[in-house]
Amino acid sequence: MHAWLARTTQHWATPAQLPQTLPPGEVRRVASGGPFGHLFDARIDVIDGRVALEVFENSRMAGEHYFRVWEDGTTEELDPAPQIGYGYRDEADRPAAEAAYFAHNRRAYDHLRERGFKGSSSTG
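Note that the coordinates shown come from a computational prediction; the quantities given were computed from them, not determined experimentally.

1. Concerning the overall build of the chain
For the chain, the helix and strand inventory stands at two helices and five strands. Going from the N terminus to the C terminus, the chain shows its helices and strands as α-β-β-β-β-β-α. Overall, the chain is about 55 × 35 × 25 Å in size when its C-alpha atoms are taken along their principal axes. Among the 124 residues that make up the chain, the fraction classed as buried is 37%.

What follows is the structure, given as structure tokens:
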């Protein structure tokens, strides 16, 4: 997990470092900065005997990203994750696409709040 964050922030003026300890299940801001205004909020969990870092990333350039980093450095996309946009075929499809987009993001932000990420600047 430390190696993942070092790789992720290696080009920042001051690369981020994970704190030596995080209270299990408690969300903390573990890094912020970089050229694109990244914020990384995370929590540590033990899942089936394995340690995992659950991360909610916000970048002013790329939007929000929700994923898990396992102790061996592999990452896993998590769902529901907020979506940055939606598409539709024609104007007749627009209302349904828009409604599905907003419903999905409501579910995603409800889930993030349940997981303790409500203090994040992106989830309010």
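Still to come is the rest of the account.
2. As for the pairing of strand 1 (residues 28-33)
In this sheet, strand 2 (residues 38-47) lies alongside strand 1 in antiparallel orientation, the contact comprising five bridges. Looking at strand 2, one finds that Ala 31 is bridged to Phe 40. What sits between strand 1 and strand 2 in their antiparallel hairpin is a turn of four residues, with Gly 34 showing a positive phi close to 80°.

3. Section: the pairing of strand 4 (residues 63-70)
Across the eight residues that make up strand 4, a large majority, six, are buried. Summarising the sheet, strand 3 (residues 50-59) and strand 4 pair through eight bridges and their orientation is antiparallel. Within strand 4, the position partnered with Glu 57 by the bridge is His 65. Following strand 3, the chain reverses through three residues before pairing antiparallel with strand 4. Here three bridges tie strand 4 to strand 5 (residues 75-77), and the two strands are oriented antiparallel to one another. When the bridges of strand 5 are listed, Val 69 appears paired with Thr 75. Where strand 4 folds back onto strand 5 in an antiparallel hairpin, the turn is made up of four residues, including Gly 73, whose phi is positive at roughly 95°.

4. A look at the confidence of the model for the chain
Counting all residues, the mean pLDDT for the chain is 86, and 94% of those residues have values of 70 or more. Per-element mean pLDDT across the chain ranges from 76 in helix 1 (residues 2-8) up to 96 in helix 2 (residues 94-114). Between residues 120-124, whose pLDDT stays under 50, and residues either more than four places distant or in other chains, the model counts 16 contacts.

5. A short note on the sheet that holds strand 5
The strand order across the open sheet built from five strands is 1-2-3-4-5, with neighbouring strands paired in antiparallel fashion. Both outer strands of the open sheet, strand 1 and strand 5, are each paired with one neighbouring strand and no more. Averaged over neighbouring strand pairs, the angle between their axes works out to 30° when direction is ignored.

6. Remarks on helix 2
Look at helix 2: 30 Å from first C-alpha to last across 21 residues, which is about the 30 Å you get at 1.5 Å a residue. Taken together, the buried positions of helix 2 are occupied by Ala 97, Tyr 101, His 104, Asn 105, Ala 108 and Leu 112. With its buried residues spanning 95° around the axis, helix 2 presents them on a single face. Facing away from the buried side of helix 2 by over 90 degrees, the exposed positions are Pro 95, Ala 96, Arg 106 and Glu 114. Where the residues of helix 2 are buried, they touch strand 3 and strand 4. Note on helix 2: the residue one or two positions beyond its end, Gly 116, has a positive phi of about 100°.

Procedures and definitions
Residues numbered from 1 in each chain as written. Predicted model: local features only at pLDDT ≥ 70, side-chain atom pairs only at ≥ 80, totals over all residues. Heavy atoms only, no water. Helix = DSSP H or I, 4+ residues; strand = E, 2+ residues; numbered from the N terminus. Buried < 20%, exposed > 50% of the residue type's maximum accessible area, 1.4 Å probe, protein only. Pairing = 2+ DSSP bridges. pLDDT = per-residue confidence, 0-100. Contact = heavy atoms within 4.5 Å. Axes fitted to C-alpha atoms, helices over the stretch in contact; angles between N-to-C directions. Expected span 1.5 Å × (residues − 1). Arc of directions from axis to C-beta.

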